[in-house]
Amino acid sequence: GRQFLDSANPELFELPDITAQLSEIEGNETLSEEEKAELTKEAYAEYSERTVINHAISQLLKAHVLFAKDVDYVVMEGKVIIVDSFTGRLMPGRRFSDGLHQALEAKENVSVQTETQTIATITLQNYFRMYDKLAGMTGTAETEAGEFWEIYKLEVVVIPTNRPVRREDYEDEIYMSRREKYNAAFEEIEYWHEKGRPILVGTVSVDVSETLSRMLKRKGITHNVLNAKQHEKEAEVVAQAGQPGAVTIATNMAGRGTDIKLGPGVVKCPEGCHLLSKEPDDTPVAHGEWNLGKCREECPCGLHIVGTERHDSRRIDRQLRGRSGRQGDPGSSRFYLSLEDDLMRLFGSDKIAGVMDRMGAKEGEVITHPLITKQIERAQKRVEGQNFSIRKHLLEYDDVNNAQREVIYTRRNNILDGGNLVDEYRSMIRDYVDTLITKYTDSNRPPQDWDWEGLREDFGKTFLANLRFEDDAKLNIKLHTLEDSLIEAAFDSYKRRERELGEDAMRQIERYILLRTIDEQWKEHLYALDGLKEGINLRAYGQKDPLIEYKREAFDMFTELLDSINRLAIERLFRIQLAPPPKETPAQRNYREVHRGKEGYGVRAEGGQNIPPPSPQPGSRPSGQAKPQTVVKGDRVGRNDPCPCGSGKKFKKCCGKDQ
C-alpha cells in the first residue's frame, strides 16, 4: 500500500521511532551540543510531518469506508450536512472534528472548509446534571429505565394511556434477502393502497427512502417522501399522510412528535371501533362490510405502519409504531426484515438463521414466529447495552473534564462579573514566584549551587525588573527569605506598572488580558485532551486501566494549564503598551458642522409669525443677482482635483468653496 501511494518515498507513511532516534542522538559522543540540537529538531520535524500525513490518510479512509452518503450525511448546496441517526433530521452548522468533515468534503468533491476547533465542550449528561431539579416526559422511556436511574438517579413511571390502544402490532416477517423483503413490503403497500387505507412506510436512512420511492414510482403508486432532504415540506406531507389511500415514505423524522390526523372514511365505524369489545366474532361492523372476527384478524381501519428494517434501538421502533392508533383510533403495524439487514447481520443472524433452517425456511418463504421476534428484540437489547456502555464510558471521561471545566468557568465568571482582580493577580504572582523557586532552587543542595543566573533572567523577563544577588546572600540565604524578597520585588513592579498605566486603565487591562489568556489556553487544553483520549486505550495492552491513566495525565496537563495561564497573564500585563489617542487632523476639524438655531431656517416662531431667513453674510451674493463670470488666469485647478494647500480635500470643498 505504501508503495502504491508514493513509490518514490514509501517510508513517508511509516511513523519513525522517535524515542530510539533521540536516544541515538544523545548517545553519540562525536556530536557537539549544537549538532545534537539540530538533529533533534530535524527528528521532531520529520515525526510531525509523517504524523500529519498518516492522520489525514486515516480520516480519508474513514470518510470513504465508514461514512455513507444519504445515510450519515447529505450533500446540499455544495455542503456536507450531518444527518442525526436517531431523528433523521439535518444538523446544519454541526461539523465532524479532527479533519473528518474535511475528508468527507474532499470525498464528495465540494469546497473544503477550514477545520474547526472546539472551544467549549460538555456532554448532555453533565449538562442535565447542572439543573437542581430534573424531570421529563416521553412515550418511550420504559426501555431505558436502567440508564435513567444509573446516570441521573431518576425513576421511570409508566402512565396509562388516555384511551385504550386499538393498534394491532403483527409479528415481524423475516426473509432471507433484502430483495424478497422489499417485494413483500410492496405487495402489502399495494394491497392496502387499493383498499383506500393510509400507509406510513418507515425507513432507517435517506438512501433507503429514496430507493423505495423509485420502486413505487415504477409501480405507479402515488406517494410522498419525508426525509432530511425534504424537511421544508414536513408540515404539508404530514397533513396529507392520514388521507384515504395516502402513501408516505419517511425516515425517523416521522417517528417523533408527529400526530397524523386521519381523513374521512379511514375509520370504518363512525360509532366507534369494536376491536376491544367483547362482542362475538360474527358481529357485523363497518355497515356490514366486515365482521368483527375478520376485523380482529386483519384490521381494515386507521393508519397502517410498514417498517422496512428494525432500528438499533427499540425506542425508535416504538416511536414509529406509535404514529398509528393514537387517541383510541384503530391501526396496525408490521415490520419486514431480512437476514441481510445491518442489525441482523451484526448481532443476530447466526442464531436466527439456525432457527429458520430448523423450520425449513427456503428462499422466497417468509418466517413469522414469536420466537424470531423475541430473538430480534434480544439483538436490539445487545445493541442498546453496547451503546449504553459507550455513553457511560464517555461520561466517565467527561467527568474528569467536568471537574476542570468547573474550575475554569468559575474563574472566568468571576472576571465577567466585574470584580476587582487585584487580589487575583497578587495570588497569581505568588504562585508564579513559587514556581520559579521550585524550578531554580533545591532545598537538598547548598545555595551556591542554585541556578541564580536562570532565576534572575526568568524573573527579569517576566516582571521587567533587574534582580541583583550579593555573593554573601547566595551563601547564607534561606528559601523562605528568598521567596519573600522575590514576592516583594514582584509587587513593587506591579505597583510601578499601575502608576504607569493609571488605576482605571490597569483594572480594564487586567480583566481583558486574563479573560483572553484563559480562553486561548483552555481551547488548546481541550485540543490536547482530545489527542490524549484518542490514544489512551492503547494503555490497556500494558495492563493499565485507560481511565486511571487518563485521569492522572489529565490532572498533570491541567496543572500545567493553570501555571501557563498565570505566567502568560503576568507577562502580558507587564509588556502591554497603550497606544496614544489619535490626533485630530485638519480634515477632521473641517468635517464638523455647526447648526444654526431653528429660526435660521424660516421655521414658524412660537407666537405664530414666520421668522424671516437670516440676512446675507458679508461677501455672499444677494438673491436674484447673476453669478459673476469666472476669469481663468494661468493653470486652472479643477473643482474635483486635490486642493493645492495640502489638506487632502477636494478643491471645491476647501480653498475653492467660495469660487
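Conventions we followed
Residues numbered from 1 in each chain as written. Predicted model: local features only at pLDDT ≥ 70, side-chain atom pairs only at ≥ 80, totals over all residues. Heavy atoms only, no water. Patch = residues over 30% accessible without salt bridge, like charges linked within 9 Å, V, L, I, M, F, W, Y side chains within 5 Å. Areas by Shrake-Rupley, 256 points an atom, 1.4 Å probe, with all protein chains shown as cover. Salt bridge = Lys/Arg side-chain N within 4 Å of Asp/Glu carboxyl O. Buried < 20%, exposed > 50% of the residue type's maximum accessible area, 1.4 Å probe, protein only. Pairing = 2+ DSSP bridges. Helix = DSSP H or I, 4+ residues; strand = E, 2+ residues; numbered from the N terminus. Contact = heavy atoms within 4.5 Å. Axes fitted to C-alpha atoms, helices over the stretch in contact; angles between N-to-C directions. Polar contact = N/O pair within 3.5 Å; in protein donor to acceptor, adjacent residues only side chain to side chain. Lys, Arg positive; Asp, Glu negative; His and termini not counted. pLDDT = per-residue confidence, 0-100. Charge placed at Lys NZ, Arg CZ, Asp CG, Glu CD.

**Some remarks on a nonpolar patch on the surface**
On the surface, Ile122, Leu124, Tyr127, Phe128, Met130, Tyr131 and Leu134 cluster together into a nonpolar patch covering about 670 Å² of accessible area. For Tyr131, a relative accessible area of 45% puts it in the partly exposed group.

**Points about the sheet that holds strand S1 (residues 73–76)**
What holds strands together in a sheet is hydrogen bonding between their backbones, with the strands either parallel or antiparallel. Ordered by their spatial adjacency, three strands build an open sheet running S1-S2-S3, and the pairing between neighbours is antiparallel. Looking at strand neighbours, the two that pair on one side only are S1 and strand S3 (90–91), the edges of this open sheet. Two strands pair when backbone bridges link them, and S1 and strand S2 (residues 79–83) are joined in this way by four bridges, in the antiparallel orientation. Bridged to Val75 within S2 is Val80. Sheet strands in contact with helix H4 (residues 100–107) are S1 and S2, and its direction is about 120 degrees off that of S2.

**Let's talk about the side chain of Arg405**
For Arg405, the position within the fold is in helix H13 (residues 370–416). Assessed through its relative accessible area of 7%, Arg405 is described here as buried. Within the structure, the side chain of Arg405 is placed 3.1 Å from the side chain of Asp398, a separation counted as a polar contact.

**Details of the side chain of Glu108**
Inspection of the secondary structure assignment puts Glu108 in the loop between H4 and helix H5 (124–129). Here Glu108 is buried and forms no salt bridge, its nearest opposite-charge partner Lys69 lying at an N-O distance of 4.0 Å. Beyond its immediate chain neighbours, meaning those up to four positions away, Glu108 contacts Lys69, Tyr73, Val75 and Val80.

**With respect to the confidence of the model for the protein chain**
Looking at the protein chain as a whole, its pLDDT mean stands at 80, while 84% of the residues score no less than 70. Per-residue pLDDT stays below 50 along residues 630–634; that stretch engages in zero contacts with residues further than four places along the chain or on separate chains.

**Section: a negative patch on the surface**
There is a patch of like negative charges on the surface, built from Asp431, Asp434, Asp556, Glu560 and Asp563. For the negative patch, the secondary structure elements donating two or more residues are helix H14 (422–440) and helix H19 (546–575). With respect to the secondary-structure elements, Asp431 resides in helix H14.

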